[in-house]
Amino acid sequence: MSGSRTTHFGYETVDEASKAARVAGVFHSVATRYDLMNDLMSAGLHRLWKAFTIGQAAVRPGMRVLDVAGGTGDLARAFARRVGSQGEVWLTDINGSMLVVGRDRMLDDGSLQPAVRCDAEALPFPDGYFDRVTVAFGLRNMTHKERALAEMRRVLASGGRLLVLEFSQVRKELAPLYDLYSFSVLPWLGKRVAGDEASYRYLAESIRMHPDQDTLKKMMEEAGLSRVRYFNLAGGVVALHEGFQA
Ligand code: SAM
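Rules behind the numbers
- Residues numbered from 1 in each chain as written.
- Predicted model: local features only at pLDDT ≥ 70, side-chain atom pairs only at ≥ 80, totals over all residues.
- Heavy atoms only, no water.
- Near = heavy atom within 4 Å.
- Polar contact = N/O pair within 3.5 Å; in protein donor to acceptor, adjacent residues only side chain to side chain.
- Areas by Shrake-Rupley, 256 points an atom, 1.4 Å probe, with all protein chains shown as cover.
- Helix = DSSP H or I, 4+ residues; strand = E, 2+ residues; numbered from the N terminus.
- Nonpolar A, V, L, I, M, F, W, Y, C, P; charged D, E, K, R; others polar.
- Buried < 20%, exposed > 50% of the residue type's maximum accessible area, 1.4 Å probe, protein only.
- Pairing = 2+ DSSP bridges.
- Expected span 1.5 Å × (residues − 1).
- Contact = heavy atoms within 4.5 Å.

A.B. asks: Looking at this structure, I do not really get the site of the ligand. What am I missing?
C.D. replies: Of all residues adjacent to the ligand, which total 20 residues, the nearest are Tyr34, Ala69, Asp93, Ala120 and Ala136. Within the backbone of Ala120, one N or O atom sits 2.9 Å away from a nitrogen atom of the ligand. Expressed as a share of its isolated accessible area of 590 Å², the protein-covered part of the ligand is 96%. Among the elements of the structure, helix H1 (16-30) and helix H2 (34-42) are those that each provide at least two residues to the shell around the ligand. Its residues assigned to classes, the shell around the ligand shows 11 nonpolar, 6 polar and 3 charged.

In structure tokens form, the structure reads like this:
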């Protein structure tokens, strides 16, 4: 690995060039069981965290919304119900297996919105196109998080809002229980329900390697976003960061 740049894949140090393929392997593997696993793993709490994000996004009729790493489309579907016939909601993800599930769920919901396979680090949209950009539980998986944040800021219109929902650092007193749950229950559930223990071990590890609340706030500021703030949810298990395009 000498000479090449490295990054984290969970607790493993890997060549930067190989991380995206490893992450793709995880999401190809879990795509069909992803929604069921989300409900089981979080005891349904992910729905509340997403509902909070949707409320905070304050999407109005006629707006253009981009959901980055949108996967099976929970946020995009909610936004599609709010933008009306004049608005646009773009569901995007780098992973074809996840995007197909998300696109089909949008269609089942009666929503004819575009679904585009693309990398958050190189978004195929013009500067200043969107009123809202969201990314839920996606940033953690990206190789160059700074690049992805800069891209999300670039495509935001002046006054537009970026919302980043992601696992974060739990309160100290919750840590022992949370660790036990993450490293014992999660891989066990992954094995029993999705037939994939390794992907759910990666989930637990990738959460530990992700920047904490204040570090991510600083990264968003460095990406050029203003008035950045965050909300801790469930004692910091998850945080919603919000920032604005000047
Ligand atoms: N946003 C959905 C949700 O909240 O349920 C899906 C989240 S899922 C945990 C993470 C998603 O990030 C996967 O669908 C994965 O393919 C996507 N992803 C990972 N790296 C990405 C990248 N560089 N660009 C776009 N999507 C990416």
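A.B. asks: Teacher, can you tell me more about the pairing of strand S9 (residues 238-244) here?
C.D. replies: It is a general feature of regular strands that their side chains alternate between the two faces of the sheet. Among the 7 residues in S9, 7 count as buried, and that is most of the element. A two-sided burial pattern is seen for S9, the buried positions comprising Val238, Leu240, Glu242 and Phe244 on one face and Ala239, His241 and Gly243 on the other. Inspection of the sheet shows strand S7 (residues 156-167) paired to S9 by 7 bridges, in the antiparallel sense. Following the sheet pairing, Glu166 is matched in S9 by Ala239. Inspection of the sheet shows strand S8 (residues 226-233) paired to S9 by 6 bridges, in the antiparallel sense. Counterpart to Leu233 in the pairing with S9 is Val238.

A.B. asks: Help me understand helix H8 (residues 197-209), please; the structure alone is not making it clear to me.
C.D. replies: A turn of α-helix holds 3.6 residues, and therefore any two residues three or four places apart point the same way. For H8, built from 13 residues, the straight-helix expectation of 18 Å at 1.5 Å per residue is met to within 8% by its first-to-last C-alpha distance of 19 Å. All of the buried residues in H8 are Ser199, Tyr200, Tyr202, Leu203, Ala204, Glu205, Ser206 and Ile207. Where H8 begins, the capping side chain belongs to Asp196, and its oxygen is found 3.3 Å from the backbone nitrogen of Ala198.

A.B. asks: Teacher, can you tell me more about the environment of Ala120 here?
C.D. replies: Of note, Ala120 is situated in the loop between strand S5 (115-117) and strand S6 (130-136). Sequence spacing of Ala120 and Lys145 is 25 residues, and the spatial spacing of their C-alpha atoms is 9.1 Å. Sequence-distant contacts of Ala120, defined by excluding residues within four places in its chain, comprise Val68, Met142, Ala148 and Glu151.

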